[in-house]
Amino acid sequence: MNIVSIWLKVKRSYKKNLLFLNAYRKKIYPDFVFDSHTEIIKDEIPVFTFHFIEPAQFEEQLQFLYANGYQTLTADEFYQMISGTKSIRERSVLLTFDDGWGSLWIYGYPLLRKYGMHGICFINPGMVHEGGTYFPNLVDLWEGRVSKSELFEREKSQKPLCTWEEIKKMAENGVIEFQSHTMYHSLVFTEPQIVDFFHPAYDTYINNYNIPIFRDQEKDNIARKAEWGMPIYAFAPRMAGKRRYLDDEELRVKCIEFVRNNGGKSFFKKQSWRKQLRQLIAEYRKRFGEKGYYESAEEQVEAIRWDLLESKRIIERKLPGKTVQHLCYPYFVGSELAVQLSREAGYRCNYWGLLEQCGGNRQYGNPYYVARLRDEFILRLPGRGRKSLLEILGHRIAKDSVRFFRNLIKSDYQAL
């Protein structure tokens, strides 16, 4: 892997955690995070966010909540308490799960049932597989039907997200409710500046979430199945409020064909591959100019409005009797435009990551700006077995470092 690829990975990793680091420096977390003498949280509801479920860690967190008398709220209970129609009960928390990864079915759902707790999962209905069946979960392990190794098979499958069958099962008894995370968890191009190319070491993440949605013969390629050499322009989450840049499809084809005609995947073993592609682009633009263009303000509004309405409609159709009124922004990034359109679409709460304007979620706060903490801060709540802030931050830094270098090695191996 060359130095440019490594730098881009470091940059992406840094940006992903930048909000977390700034929030720590500015102390915009809820008071209980920094105050070691807090014995009880009053007039505030901590909201925690999970992605992948690590069973041992998750059970430790649930055991802590259970032992210390914490109650997990439903989405409607949370809204009623925040809006002031119900008083906030002491030791109330909200557990949220983003994306609907298979680990929620395998580990999260059985463990929540075991401890009598509740969660809210935000899903992208446009990415959930149709059909399929149930994968084994912890209940099957506890009852002796499968081994531990068989539970890991889910991660190797082509269905890393929960299936609709699993989602329906989890929603039936109310242990987990499902709300909107937008349709496709989309990134979109926002500027004509090319920041990278699709190459064998590109970090696609699962389901190609790290690849912006692009046009293919005037239609959006929702699956984001890019080809070697495709230019990656400056991008942002769809809900960030930036107008989308529609790249020059002809230029994209030229880059892809150039790579294909010069060895395909092996082309990227050359030290000069980026230089060659950029030279091709410079010559093309000198001859044909910049043919990419921005969507209009009206097109942007309509695209976001459709996304919010469609994700709500599909979840409600798939889960009859359930109402979708809660929206979580992918990548923790929204905008005033997205908030306005979500309100018009019938959403009552919007969930983010950390928010500088509100460290915690208090009664009569703005339900369209719900702040959430990473799940490790559950063990920072007041109670027996509480961990120090230093322990939590040290564990996070160590965990992120291991994950980063593991992914770096993995992508370097895949590039060979």
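The coordinates are above.
Just so it is clear, the model here is predicted, and its values are computed rather than measured. (Residues numbered from 1 in each chain as written. Predicted model: local features only at pLDDT ≥ 70, side-chain atom pairs only at ≥ 80, totals over all residues. Heavy atoms only, no water.)

## Side note on the packing of helix α12 (residues 297–318) against helix α13 (residues 336–344)
- Relative to each other, α12 and α13 sit at 50°, their axes nearing to 10 Å. Taken together, the axes of α12 and α13 are oblique relative to one another. Crossing of α12 over α13 shows right-handed handedness. Here Gln-300, Val-301, Ile-304, Arg-305 and Leu-308 of α12 come into contact with α13, specifically with Leu-337, Ala-338, Leu-341, Ser-342 and Glu-344.
- In terms of residue class, the contact of α12 with α13 is built from six nonpolar, two polar and two charged. (Axes fitted to C-alpha atoms, helices over the stretch in contact; angles between N-to-C directions. Helix = DSSP H or I, 4+ residues; strand = E, 2+ residues; numbered from the N terminus. Parallel < 35°, antiparallel > 145°, perpendicular 65-115°, else oblique. Left-handed = near helix turned anticlockwise from the far one by under 90°. Contact = heavy atoms within 4.5 Å. Nonpolar A, V, L, I, M, F, W, Y, C, P; charged D, E, K, R; others polar.)

## Comments concerning the pairing of strand β9 (residues 231–237)
- The buried fraction of β9 is high, at six of seven residues.
- Relative to β9, strand β6 (residues 187–197) runs antiparallel, the two being bridged by six bridges. Bridged to Phe-197 within β9 is Pro-231. (Buried < 20%, exposed > 50% of the residue type's maximum accessible area, 1.4 Å probe, protein only. Pairing = 2+ DSSP bridges.)

## Let's talk about empty space enclosed by the protein
- Overall, the coordinates contain two cavities of 30 Å³ or more when judged by the stated rule.
- There is about 30 Å³ of room inside the second largest cavity. (1 Å grid on protein atoms, 1.4 Å probe; cavity = no way out; pocket = protein on both sides within 12 Å on 5 of 7 lines; lining within 4 Å. Points joined across faces, edges and corners; volume = space filled by probe spheres on them.)

## Observations concerning the pairing of strand β4 (residues 119–123)
- Along β4, five of the five residues are buried, which leaves the element largely enclosed by surrounding structure.
- Here β4 shows two buried faces, one formed by Gly-119, Cys-121 and Ile-123 and the other by Ile-120 and Phe-122.
- Note: strand β3 (residues 92–99) against β4, four bridges, orientation parallel. Paired with Phe-97 across the strands is Cys-121, a residue of β4.
- With respect to chirality, the unit in which β3 leads through helix α5 (residues 102–114) into the neighbouring parallel β4 is right-handed.
- Note that β4 and strand β5 (residues 176–180) share five bridges and pair parallel. In the strand pairing of β5, Gly-119 is matched with Ile-176. (Right-handed = clockwise from strand over helix to strand, strands pointing away.)

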